[in-house]
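Report on the structure
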Amino acid sequence: MISPDPLAPGCVYTASVDDQGRVGLYRLEVGCSSGTGKLRIAGGIDGPMRESIQRAFAYLVAQKAKIGIAQQLDTTDFHVEGIDLLSNHVPCEAGIGLIVAVYSAIKKQSVLAGLLVLGDLSIQGNIKSLRSLAEPLQVGMDNGARRALIPLENKRNFLDVSGDIVERVDPIFFSDPITAAVKALGLT
């Protein structure tokens, strides 16, 4: 399900694990149209996933000048859709995924091929660590992920990950949302 080929700009794979250990795996797609900086969320994204996406977009709006995307953000409407790749209806905390997808769409550049984006953030941009790293990485690997963008706070959890995953999925650690976006596009 996770293509070994680069996705179109604005598309990312993202996953998270819920409090019962179930993994939600999604392809987030962000489309752009001329507008006034609005976020439009398609049906099928609700609950914790909708809140996570709205929080991430609010962070982008607050940081747009610092990031250097103020003009693009002010003149573009962003349409977001989340495709549930496992059809298991497990919501995904996809804040970092949204930031990477919007940045990718604005820069018109694809994320790295085979990349799975993990992580969420607070309204102020503080990275929230994942409940567990093993389950989303296992599901990602089983579905074709070759790389994973992982919050730095979860680096210690990498010891809980099986050797098979460590061997087949390259970790890319990040400490803030903008670093995540830049690394996801391979710009560092």
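Scroll up for the structure.
Report follows, based on the coordinates.

The rules behind the values
Counting of residues starts from 1 at the beginning of each chain's written sequence and follows it residue by residue. Residues qualify for local features only when their pLDDT is at least 70, as the model is predicted, and side-chain atom pairs are given and counted only at 80 or more; totals for whole chains, interfaces and linings, by contrast, use all residues. Based on all heavy atoms of the structure, the side-chain values leave hydrogens and waters out of the count. Ring geometry is summarised as follows: Phe, Tyr and Trp rings, the Trp one being its six-membered ring, pair when their centres sit within 6.5 Å, and such pairs are stacked at plane angles under 30 degrees, edge-to-face over 60 and tilted between the two. Secondary structure is summarised from DSSP: a helix means a run of H or I of at least four residues, a strand means a run of E of at least two, and numbering begins at the N terminus for each. The classification of residues rests on relative accessible area computed with a 1.4 Å probe and restricted to protein chains. Under 20% of the type maximum is buried, over 50% is exposed, and intermediate values are partly exposed. Contacts are residue-level and defined by heavy atoms, with any inter-residue pair within 4.5 Å sufficient. Think of a nonpolar core as a cluster: buried Ala, Val, Leu, Ile, Met, Phe, Trp, Tyr and Cys residues, connected wherever their side-chain atoms sit within 4.5 Å. Whenever a helix is involved, its axis is fitted only over the stretch in contact; in every case the axis is a line through C-alpha atoms, and angles between N-to-C directions fall within 0 to 180 degrees. When an angle is under 35 degrees it counts as roughly parallel; over 145 it counts as roughly antiparallel; between 65 and 115 it counts as roughly perpendicular; any other value is oblique. Should the near helix be turned anticlockwise from the far one by less than a right angle, the crossing is left-handed, and should it be turned clockwise, the crossing is right-handed. Under the convention adopted here, Pro, Cys and the residues Ala, Val, Leu, Ile, Met, Phe, Trp and Tyr are nonpolar, Asp, Glu, Lys and Arg are charged, and Gly plus all remaining residues are polar. Pairing between strands is defined by DSSP: at least two bridges between them are needed.

According to the stated counting rule, one finds two aromatic pairs in the structure shown. Between Phe-158 and Phe-173, the ring centres sit 5.9 Å apart and the planes meet at 75°, which makes this aromatic pair edge-to-face. Of this pair, Phe-158 sits in the loop between β8 (147–151) and α5 (163–168) while Phe-173 sits in strand β9 (residues 170–174), and the two are 15 residues apart along the sequence. As far as burial versus exposure is concerned, Phe-158 and Phe-173 are alike and both buried.

Attention now moves to the environment of Ile-150. Relative to the helices and strands, Ile-150 resides in strand β8. Taking the relative accessible area as the measure of exposure, Ile-150 reaches 0% and is therefore buried. Separated by 112 residues in the primary sequence, Ile-150 and Lys-38 have C-alpha atoms spaced 28 Å apart. Those residues in contact with Ile-150, other than ones at most four positions away along the chain, are Leu-118, Leu-133, Leu-137, Phe-158, Pro-171, Ile-172, Phe-173 and Phe-174.

What follows covers helix α4 (residues 134–142). Among all positions of α4, only Pro-136, Leu-137, Val-139, Gly-140 and Met-141 are buried. Among the structural elements, β1 (11–17), β2 (23–34), β5 (115–118), β8 and α5 are those in contact with the buried residues of α4. The first or second residue beyond α4 is Gly-144, which carries a positive phi of 110°.

Leu-98, Val-100 and Leu-149 are the most contacted members of the largest nonpolar core, which has 41 residues in total. Looking at this core, the element that brings in the most residues is helix α3 (residues 95–107), giving nine residues. For Val-100, the contacting residues outside a window of four places in its chain are Val-12, Val-111, Val-117, Leu-149, Ala-180, Ala-181, Ala-184 and Leu-185. Counting 24 residues, the second largest nonpolar core, distinct from the first, contains Ile-2, Leu-25, Val-161 and Phe-173.

Here the phi dihedral of His-89 falls at roughly 55°; this positive angle occurs in a residue that is not glycine. Secondary-structure assignment places His-89 in the loop between β4 (76–84) and α3. Residue class for His-89 comes out exposed when judged on its relative accessible area of 67%. The backbone of Lys-108 shows a phi angle near 55°, a positive value even though the residue is not glycine. Residue placement: Lys-108 occurs in the loop between α3 and β5. Accessibility expressed as a relative area gives 68% for Lys-108, which makes it exposed.

On to the packing of helix α1 (residues 47–67) against α3. α3 packs onto α1 with a crossing angle of 45° between their chain directions and a minimal axis gap of 9 Å. The pairing of α1 with α3 is recorded here as oblique in orientation. Helix-helix and strand crossings are classified by hand; for α1 and α3 the assignment is right-handed. Contacts between α1 and α3 involve Ser-52, Ile-53, Ala-56, Phe-57, Tyr-59, Leu-60 and Ile-67 from the first element and Gly-95, Leu-98, Ile-99, Val-102 and Tyr-103 from the second. Looking at the contact of α1 with α3, its residues break down into 10 nonpolar, two polar and no charged.

Turning next to the environment of Thr-179. Tracing the backbone through its elements, the reader meets Thr-179 in helix α6 (residues 177–184). Along the backbone, Thr-179 and Ser-162 are 17 residues apart, and their C-alpha atoms lie at a distance of 26 Å.

Next up on the list: the pairing of β1. Of all seven residues making up β1, seven are buried, and the element is well covered by its neighbours. Strand direction decides the pairing type here: β1 and β2, joined by seven bridges, are antiparallel. Each bridged residue has a counterpart across the sheet, and for Ala-15 the counterpart in β2 is Leu-25. Where β1 folds back onto β2 in an antiparallel hairpin, the turn is made up of five residues, including Gly-21, whose phi is positive at roughly 80°.

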